[in-house]
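The primary structure of each chain is shown beneath.
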Amino acid sequence: MIRLAISVILFFTASVASAQCAMCRATLENNVSQGDIGIAAGINFGILYLLVIPYLAIGIIAWF
């Protein structure tokens, strides 16, 4: 039960994080300054997606 609670807490904490590399951040700041916010949201979502999937796969394998 404790493992499940910790897993849920870590999952929701990771989904709120703003993970961006330096090159992505510079490109996105340039786009946002020009008024294009859609690209920034899409790239940030993609980075978070790539972050969560390996941990989710490892968690499922460890569960079984």
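It should be emphasised that the depicted structure is a prediction, and the values quoted were computed from it without experimental measurement.

On the surface, F45, Y49, L50, I53, L56, I60, W63 and F64 cluster together to form a nonpolar patch covering roughly 1,000 Å² of accessible area. Locating I53 in the fold gives a position in helix α3 (residues 38-63).

Time to look at the layout of surface pockets. Reported here for the largest pocket is a volume of approximately 740 Å³. Secondary-structure elements contributing two or more residues to the lining of the largest pocket are α1 (2-16) and α3. Ranked by residues supplied to the lining of the largest pocket, first place goes to α1 with 9 residues. Taken together, the residues of the lining of the largest pocket break down into 15 nonpolar, 2 polar and 1 charged.

With that settled, the discussion passes to α3. Taking 1.5 Å per residue, 26 residues should reach 38 Å; α3 reaches 37 Å between its end C-alpha atoms and fits that length. Considered for burial, the residues of α3 that qualify are A40, N44, L48 and V52.

Attention now goes to the confidence of the model for the chain. Per-residue confidence for the chain gives a mean pLDDT of 78; residues scoring 70 or more make up 89%. Per-element confidence in the chain is highest for α3, whose mean pLDDT is 84, and lowest for α1, whose mean pLDDT is 74.

Conventions used here
- Residues numbered from 1 in each chain as written.
- Predicted model: local features only at pLDDT ≥ 70, side-chain atom pairs only at ≥ 80, totals over all residues.
- Heavy atoms only, no water.
- Patch = residues over 30% accessible without salt bridge, like charges linked within 9 Å, V, L, I, M, F, W, Y side chains within 5 Å.
- Areas by Shrake-Rupley, 256 points an atom, 1.4 Å probe, with all protein chains shown as cover.
- Salt bridge = Lys/Arg side-chain N within 4 Å of Asp/Glu carboxyl O.
- Helix = DSSP H or I, 4+ residues; strand = E, 2+ residues; numbered from the N terminus.
- 1 Å grid on protein atoms, 1.4 Å probe; cavity = no way out; pocket = protein on both sides within 12 Å on 5 of 7 lines; lining within 4 Å.
- Points joined across faces, edges and corners; volume = space filled by probe spheres on them.
- Nonpolar A, V, L, I, M, F, W, Y, C, P; charged D, E, K, R; others polar.
- Expected span 1.5 Å × (residues − 1).
- Buried < 20%, exposed > 50% of the residue type's maximum accessible area, 1.4 Å probe, protein only.
- pLDDT = per-residue confidence, 0-100.

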